[in-house]
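# Fold and contact review
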Amino acid sequence: MAEPIDAPVTLAGIARIAGVGRAAVSNWRRRHDSFPTPVGGTDASPLFSLDDVERWLHAQGKIERVGMRERLWPRYEALGDRAVMGAALAEAGGRLLAAEGVDWAMPGLSSLPEAAVRVVDATVEAAHHEGNRETFDFLLARWLDAHVRQISTTPVPLARLMVDIAAAVGAGEPGEEAAWTTVLDPACGVGGLLLAASEHMGERGVEAGSLAPALLGTDLDPTLAVLAAARLGFARVGGSGASAEIRTGDSLRADPNGAVRADVVLCNPPFNARDWGHEELATDPRWIYGLPPRTEPELAWVEHALARLAPGGVAVLLLPPAVASRRAGRRIRGALLRTGALRGVVALPAGAAQPHSVSLQLWILRAPASEGGTAPGERLFLLDAATSHGAVRGAQGIDWPRLSGQVLDAVQAHSWSGERRPGAEERLPERCVTVPVMDLLDEQTDLTPARYVPEAATEAQDKLHESWGHLDGLLDEVRGRSRTLAAIDLSAGGDAASTVTVSDLDRARALRLRQGQTLPGELLHGDALPHGAVPVLSVPDLVLGEGPGGWLAGAEVESGAGTGTLTVAEPGDVVVVGVERAYRVWVQADTPLVLGPQLYALRPDPDMLDPWFLAGCLRAPANARQAGSHTSSSARIDVRKLQVLQLSLDEQRPYAEAFKELLALEESLRSVVAVGEDLLRGLGDGLAAGRLHRSRR
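Residues numbered from 1 in each chain as written. Predicted model: local features only at pLDDT ≥ 70, side-chain atom pairs only at ≥ 80, totals over all residues. Heavy atoms only, no water.

The next subject is the nonpolar core. Core analysis: the largest hydrophobic core is formed by 55 residues, its most contacted members being Ile 165, Val 183, Leu 266, Leu 362, Phe 381 and Val 407. Listed by contribution, the elements that provide at least two residues to this core are α8 (156–171), α9 (192–203), α10 (222–237), β7 (262–267), β8 (309–319), β10 (361–366), β11 (379–384) and α13 (400–413). When residues in this core are grouped by element, the largest group, ten residues, is from α8. Not counting the four nearest positions on each side in its chain, Ile 165 is found in contact with Val 316, Leu 362, Ile 364, Val 407, Leu 408 and Val 411. (Core = buried A, V, L, I, M, F, W, Y, C linked by side-chain atoms within 4.5 Å. Buried < 20%, exposed > 50% of the residue type's maximum accessible area, 1.4 Å probe, protein only. Helix = DSSP H or I, 4+ residues; strand = E, 2+ residues; numbered from the N terminus. Contact = heavy atoms within 4.5 Å.)

The subject of this paragraph is the pairing of strand β12 (residues 432–436). Buried residues dominate β12, accounting for four of its five residues. Note that β11 and β12 share five bridges and pair antiparallel. Bridge pairing in β12 links Leu 380 to Val 435. (Pairing = 2+ DSSP bridges.)

Before going further, it helps to spend a moment on the sheet that holds strand β21 (residues 599–604). Spatial ordering of the open sheet is given by β14-β21-β18-β19, a layout of four strands whose pairing is antiparallel. Of all strands in the sheet, those with a lone pairing partner are β14 (511–515) and β19 (585–587), marking the two edges. The average undirected angle you get between the axes of adjacent strands in this sheet is 20°. Relative to β19, strand β18 (residues 574–577) runs antiparallel, the two being bridged by three bridges. Looking across to β19, one finds that Val 576 is bridged to Val 585. (Axes fitted to C-alpha atoms, helices over the stretch in contact; angles between N-to-C directions.)

Moving on to the packing of helix α4 (residues 68–78) against helix α5 (residues 82–99). The contact between α4 and α5 brings their axes to 9 Å, and the two run at 135°. Considering their axes alone, α4 and α5 lie oblique with respect to each other. Two packed elements cross with a definite hand, and for α4 against α5 that hand is right-handed. Taking contact as the criterion, the partners of Trp 73, Tyr 76 and Glu 77 in α4 are, on α5, Met 85, Ala 88, Leu 89 and Ala 92. Here the residues of the contact of α4 with α5 are counted per class, giving six nonpolar, no polar and one charged. (Parallel < 35°, antiparallel > 145°, perpendicular 65-115°, else oblique. Left-handed = near helix turned anticlockwise from the far one by under 90°. Nonpolar A, V, L, I, M, F, W, Y, C, P; charged D, E, K, R; others polar.)

Before going further, it helps to examine the pattern of salt bridges. Applying the stated criterion across every chain yields a total of 29 salt bridges. Close ionic contact of Glu 279 with Arg 294 constitutes a salt bridge, the shortest N to O distance being 2.1 Å. Here the residue Glu 279 occupies a position in the loop between β7 and α11 (297–307), and Arg 294 occupies one in the loop between β7 and α11, the gap between them amounting to 15 residues. A relative accessible area of 42% means that Arg 294 is categorised as partly exposed. Measuring nitrogen to oxygen at the nearest pair gives 2.6 Å for the salt bridge that ties Arg 431 to Asp 384. Taken together, the residues Arg 431 in the loop between α14 (424–427) and β12 and Asp 384 in strand β11 connect sequence positions 47 residues apart. Just as Arg 431 is buried, Asp 384 falls in that class too. Through salt bridges with shared partners, one network takes in Asp 250, Arg 253, Asp 275 and Glu 280. (Salt bridge = Lys/Arg side-chain N within 4 Å of Asp/Glu carboxyl O.)

Relative to the assigned elements, Ala 196 resides in helix α9. The sequence separation of Ala 196 and Arg 160 amounts to 36 residues, and the corresponding C-alpha distance is 5.4 Å. Setting aside anything within four residues of it in sequence, one finds Ala 196 in contact with Ala 159, Arg 160 and Val 163.

A few words now on the confidence of the model for the protein. For the protein, the average pLDDT comes to 82, and 85% of its residues sit at 70 or higher. Across residues 389–395, where pLDDT falls below 50, the model places nine contacts with residues more than four positions away in sequence or in other chains. (pLDDT = per-residue confidence, 0-100.)

Two measures describe an aromatic ring pair: the distance that separates the ring centres and the angle between the ring planes. The tally for this structure, following the rule as stated, stands at seven aromatic pairs. Here Phe 35 and Phe 48 contribute two aromatic rings whose centre-to-centre distance is 5.5 Å and whose plane-to-plane angle is 85°, an arrangement assigned as edge-to-face. With Phe 35 in the loop between α2 (22–31) and β2 (40–41) and Phe 48 in strand β3 (residues 46–49), this residue pair connects regions lying 13 residues apart in the sequence. Phe 48 shares its class with Phe 35; the two are buried. The rings of Trp 28, Phe 35, Phe 48 and Trp 56 are connected pair by pair, giving a single aromatic cluster. (Phe/Tyr/Trp six-rings, centres within 6.5 Å; stacked < 30°, edge-to-face > 60°.)

For the rest of this paragraph, the subject is the state of the cysteines. A covalent bond between the sulfur atoms of two cysteines is what we call a disulfide. Scanning all chains against the criterion turns up zero disulfides. Between Cys 188, a free cysteine, and Cys 267, which holds the nearest cysteine sulfur, the sulfur-to-sulfur gap is 9.2 Å. (Disulfide = S-S within 2.5 Å.)

What follows is about the packing of helix α1 (residues 11–18) against α2. Where α1 meets α2, the closest approach of the two axes is 8 Å, and the angle between their N-to-C directions is 105°. By the angle between their axes, α1 is roughly perpendicular relative to α2. Contacts between α1 and α2 involve Leu 11, Ala 12, Ile 14, Ala 15 and Ala 18 on the former and, on the latter, Arg 22, Val 25, Ser 26, Trp 28 and Arg 29. Considered class by class, the residues forming the contact of α1 with α2 number seven nonpolar, one polar and two charged.

Extensive coverage of α4 is indicated by the burial of eight of its eleven residues. All of the buried residues along α4 are Met 68, Glu 70, Arg 71, Leu 72, Trp 73, Pro 74, Arg 75 and Tyr 76. Against the buried residues of α4 lie β1 (8–9), α1, α3 (50–60), α5, α6 (114–130) and α7 (132–146).

Glancing now at the side chain of Gln 588. For Gln 588, the position within the fold is in the loop between β19 and β20 (593–595). Once residues within four sequence positions are removed from consideration, Gln 588 is found in contact with Ala 569, Glu 570, Pro 571, Gly 572, Asp 573, Val 575 and Leu 593.

Given below as structure tokens:
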């Protein structure tokens, strides 16, 4: 077997390979003269030869087989191109499936370069020890994480929820079981929705020997298509029972599954894709509800899904909230309502899927029960789950068990057969209503659930009680911190305290000063922070009074820190804003933070400077005024000129404690203001709605 190519690896990568923390690797590097010499990177984030690292770890007895998958990933990264990496992983998946007895070929991909072939060989060898599917799934997850901006995936809990909704709606009545033979995803990506459907069908005993594929998928990207095929192949080997056929193609322009009529269509289509074929598809027979405007590509996917459904079939699509209200799509929305094709809209909490910053929606559609027939369309099911919260948080702040339970309880309580059951409205849970279609057909035809789902009076009162309790706790906290700070005696006289500048401390190596840099716009994400990502902060974020306004994938930050193109503030660093109107200083805690221009990271030597003492000295308003540059309207702060008291480490500590209390009091006062504003709004809305309870005397 040819040897795989060498690859650079960071200290964090070495830690993952050896199954230890990064601090342990740094300790090895200090203690062992034989530790490999860096081959690149920077002093702060050096890069090492993976081959050298593996030889050293083996010689030291610090690695056996536990890190084989981790040792593979740097070799994939060394291939560089996203498509080549994906094709190599798909080829490895195909060879592993062949070893499992699955006849599978890679459609539509060119031959691999020699370097990629060597990586595939290494993958197959590692899989013999660590499991075929386990190795493939691990590498696929790393590949998706490395290219999270270019590739949007449906989170596993959301995919399963969409499948469960389709099953409940297709069953018609509670307790019934929907029988599926074909499930279609016309924009399948790496097959997350089809995988969830496969697991659902396997749990219900779909015949594994069926000749016709039960799962059909299409994707424009051939790399994603073959990865989806491999992923579903492993699922079938694992016993899900559903066969699959994934094709490469453009479902809107030239659908390779044009003759298919599926029982279920599941889709998370691309958002805001304006070049979807509006001109050449103007006379397409799928547009029976109207020609989608150029600016409404999501409605084109809605009509496409309906055209691919068998009579009585169900479609569940994940869509951005603007589709429910944009003026350009109101005619099509009206047609979907009048014909009964659109049966329900569910608003999800922000963070449920990309883009994480908005509350996405699930649209539930159903085809007429017979060709040419019209489905009942008297009322529309609306559920506002956008405000669901819980104590147990997922990677993106979603309590998935609670959210899924809330949605499925509402879906299963509703009659999807079109027949009105006595007391049906009373059985629907809170935040869920059914609205007469005629009430929705106005000039806007706005289908946003929050417009029609009223906040229950008891829910509003519970929120007020919670806010009052929170305010009482904050006021107690303010009083306690005030007593502590009021006891501080500032009457000490004598000579003025000696100070030293940040520049002097930097030269003396008491701290290390680094300036934030222009951020790579092509890599910056603007939605909520997913697992493994690093938040990014800029001065405009602070001027607007907001927190970090974006994030970068962990792999991108690691690479940028290694090459010196990114400045990352680590926990324990002191961050300074170098603009007077947004001047702030704080000690970074918990997680790393990528800094933009005019932001500075100061890393104190713990043997010389206490970070809280340093931050307290720097944040004094008088200090900032003296270091300010007033030659322009921007009024920048020259961070190097900021003054710090010249005290020993022991003398710094009481100052550090006082500075901590001062900052905590400031945060408590800000929280009091925020909670107070919420209380004023809630009380004002409740009184204006006539909810004042008058007790009888």
